Structure formats: C-alpha cells, structure tokens
Amino acid sequence: LTDIGAKFMFVAGMFVSGCVTILFGILDKVPSGPVFIGLCFLVRAMDAVGFAAAMTASFSILAKAFPNNIATVLGSLEIFTGLGLVLGPPLGGFLYQSFGYEVPFITLGCIVLVLVPVNMCILPKYDSIPSKDSFWKLIRLPKVLLLCLTIFSLSACLGFLDPTMSLFILSKFKLPAGYVGLVFLGLALSYSLSSPLLGLLSDKLPYLRKWLLVSGGLITALCFFMLGPAPILHIESQLWMFVLMLVLIGFSLGMSAIPVFPEMLQCAYENGFEEGLSLLGLVSGLFNAMWSLGAFAGPTLGGFLNDKLGFEWASAIQGGWALFSGLAAGIFYITEATRRSSSSSLQNPPGNNEERTHLMGSET
C-alpha cells in the first residue's frame, strides 16, 4: 500500500472485483465437471484479491482523512454495509427470477466498474513515507493478538449464520421461502442502525472501548446460546425469540467490531509505531485478514456442526468463540488496569505527600 498508494490500490481493487463479478455471470456457460469447479475457485480467489485490496485501502484512507473520528466514520459507513445485506438478497433474487442467472452478476459488476472512474476523480491522493515498522512487529503485540481473536470470533459467528440459519428457519418455523429474508432483516438493521451511535460513543469516550469489546463478546455468546436455544435449557424455540436474538446479535456485534480498529491503532502508537499511511495499511490489512479468516472458519465449522449435531447445538458451540474472546479481553484489560495502578502507586508512594507536608510545616 505504501509503495503503490492507497488510492491506486482502492481503485485497482474495485476494477478487479467488477470484472470478476461479470465473469461470475458467464460461468454457467462452462462445461460441468472439474473444469467448472476449478474456474469457480479461480474466479473466487481473484475476487478475494480485489476485495482485500479495496477494503484494506478504504480503511487506510478513512483513517487518514478522519484521524480523530475513526470509529464514528467506520460506524456511519456500516449503515451501507447493513443496506447491502438487506437489499442484496431481494434485489438479486428479483433479477434472477426475472432475467436468469447472468443478469444479477453482470448488473452488479457494471455498477462497480462505473464507480471506478468516479473514485478516481473524487478520492484524494495521500503521499506516504515507507516505515521501518513491520507486520510481524505489530502482530507480536499481546493486545493486538487479543484484538485479532476478537475480530476472528465475531466474523466466525456472523459467517456461521449464512449456511445454517435459513435451513433452520424453513424446517423449524415452516415459513415460506420468501419470508426467510425478512428474518435476516433483524440482524442487518440493528447492526447498521446502532453502528454510528457506537462509533460516536467510542470516539467521544475512548476509555469505554475496552468495555464495549468485552460486553459485546459476552452478549453475542449469550444470544447464540439462546438462538436455538441450546437443548440443555429445555426451552421451546419461538419465532419471536429467534428474531429478538438476531436483533441483539446485530447490536452486540457492533459493540465489539466498531472499537477494534481504533484500539489497534492506539496500541500501535503506544508501542512506538510511526504515525502515517504505512501503519494504517498494516492495521487495516491485519483487520481484514482476521475478518476473512473468521468468514472462512465460521461457515466451514458451522456447517459441519449443523450436519452432525443440529442447529441448536451448533449455534451454542459457535457462541463459544465470542465467549472465549470476551472473557480473554476482560481478563486482559483488568490485568492491564491492575498493573498500571501498581506501577503508578510505586512511582508516587502515598507517604510522599504526608512527608512533604510535615517537612514544610517544620521549616516554617
């Protein structure tokens, strides 16, 4: 990112994603069998590279443009992430039913390609100085490792719902297929609407970030435990309770996800990293790498557990990721606060003020 520039990386990533999305639309013309499967993997991999480039660069550009309001800006932009989650499936389904397989992909790819020249004209170009700081130096920081665990667990929990939730809704509540998308709205809307407020709170009261992280992880774990609910609770699953849990999951995911990026930056600054686009590229790259890793592990493990144990147990086990990260974050922050308190008391012993007052009184 430092060598080629954040703007070029963002625009190039969008261009690759747009072209690859159009390629998706013509994959059905390929003969079935190993050739088709191989091309699917190849096209998906190309799309991942374009997505990673665009997302890494976008996080860096935002942090560079709004250094004092990173969480607020990221939270505000999550509104559009939520809109994408809400509008993507019904619009894609409408285009698919009306015009066939190719049109949804070609339409979306063309929209992305049209935005490439728009961003070339609008986005500012930031000059960056290469830094001596390395990715390995960043990832070896204990706090950064803990935050990586948080990102991974949140992404895994969210990804778990993709292959499993619709099947559970159809089989458990006997809803028509068209209503399944409406159930997804609970999570998407609560996440997108709460993210700006959580981002503003995170920027205005930075000391609350750590407790937002901890609380978000624990609430997410509880909600996944109740999503089925877990069989050991002997509670009958109800549609209203399922939707309520999704709404709370959307809110709790925002509590944990929004403060992570500024927390990672703050940790890097405290450990001597140089401010600039180079550091922003390292942090945003690490953030998106951990998110993508969770997005792979969540559906993979979740699909396996769902087949072997059923959705109720699978969701409870999946919530263990969030429980582990929330407890680990809580223990870390409490230990850190205790250590700082002990260090400050050793530097300023309580008796110093009394002795100074006594000496000043004797001198007079």
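The rules behind these values
Residue numbers run consecutively from 1 along every chain, following the written order of its sequence. In keeping with the model being predicted, local features are shown solely for residues with a pLDDT of at least 70 and side-chain atom pairs are shown and tallied solely at 80 or more, while totals for entire chains, interfaces and linings include all residues. As a rule here, side-chain values cover all heavy atoms of the structure and leave hydrogens and water aside. Boundaries of every domain are those given by an automatic assignment or by a domain database. A contact between two residues is defined here by any heavy atoms of the two lying within 4.5 Å. For this document, the term salt bridge refers to a Lys or Arg side-chain nitrogen within 4 Å of an Asp or Glu carboxyl oxygen. Any pair of nitrogen or oxygen atoms within 3.5 Å is treated as a polar contact; in protein, a donor-acceptor pairing is required on top of that, and neighbouring residues in sequence qualify only through side-chain atoms on both sides. Runs of E in the DSSP output that reach at least two residues are strands. Runs of H or I that reach at least four are helices, and both are numbered from the N terminus. Think of it in three bands: with a 1.4 Å probe and only protein chains considered, a residue is buried below 20% of the maximum accessible area for its type, exposed above 50%, and partly exposed in between. Throughout, an axis means a line fitted to C-alpha atoms (over the contacting stretch in the case of helices), and angles, computed between N-to-C directions, take values from 0 to 180 degrees. Roughly parallel refers to an angle under 35 degrees, roughly antiparallel to one over 145, roughly perpendicular to one between 65 and 115, and oblique to any angle outside these ranges. Put simply, a crossing is left-handed when the front helix is turned counterclockwise from the back one by less than a right angle, and right-handed when it is turned clockwise. Classification convention: Asp, Glu, Lys, Arg as charged; Ala, Val, Leu, Ile, Met, Phe, Trp, Tyr, Cys, Pro as nonpolar; all other residues, Gly among them, as polar. Only buried residues count toward a nonpolar core. Its members are Ala, Val, Leu, Ile, Met, Phe, Trp, Tyr and Cys residues joined through side-chain atoms within 4.5 Å.

A. Local environment of the domain arrangement of the protein chain. For the protein chain, the assigned domains read domain 1 (1-121) and domain 2 (132-346). Relative placement of domain 1 and domain 2: their C-alpha centres are 23 Å apart. At the junction of the two partners, domain 1 supplies 22 residues and domain 2 supplies 24 residues. Here domain 1 and domain 2 share 0 salt bridges between them. Scanning the region where domain 1 abuts domain 2 turns up 6 residue pairs in polar contact (both at pLDDT 80 or more). Among the secondary structure elements, those contributing two or more residues to the side of domain 1 that touches domain 2 are helix 2 (34-65) and helix 3 (70-99). For the side of domain 1 that touches domain 2, the leading source of residues is helix 3, giving 11 residues.

B. Just the pattern of salt bridges, in detail. For the structure shown, the criterion picks out 4 salt bridges. Between E102 and K29 there is a salt bridge, and its shortest N-O distance comes to 3.1 Å. Of this pair, E102 sits in helix 4 (residues 102-122) while K29 sits in the loop between helix 1 (6-24) and helix 2; the two residues are 73 residues apart in sequence, bridging distant segments of the chain. K29 gets classed as exposed once you look at its relative accessible area, which sits at 61%.

C. The packing of helix 1 against helix 2, seen in detail. Running from N to C, helix 1 and helix 2 cross one another at 150°; their axes reach a closest spacing of 7 Å. In terms of their interaxial angle, helix 1 and helix 2 are classed as roughly antiparallel. In terms of crossing hand, the pair formed by helix 1 and helix 2 is left-handed. In this structure, helix 1 uses A6, K7, M9, F10, G13, M14, V16, S17, V20, L23 and F24 to contact helix 2, whose residues at the interface are V43, R44, M46, D47, G50, F51, A53, A54, A57, S58 and I61. Its residues placed into classes, the contact of helix 1 with helix 2 shows 15 nonpolar, 4 polar and 3 charged.

D. Examining the nonpolar core more closely. Among the nonpolar cores identified, the biggest contains 45 residues, and F10, L138, V144, F261, M264, L265 and L286 are the most heavily contacted of them. Sort the elements by how many residues they give to this core and helix 11 (residues 277-309) lands first, with 8 residues. Two domains each provide a minimum of three residues to this core, namely domain 1 (1-121) and domain 2 (132-346). Setting aside residues up to four positions removed in sequence, L286 forms contacts with F135, L138, I139, V144, C148 and M264. Core analysis: the second largest hydrophobic core is formed by 31 residues, A71, C223, M241 and L305 among them.

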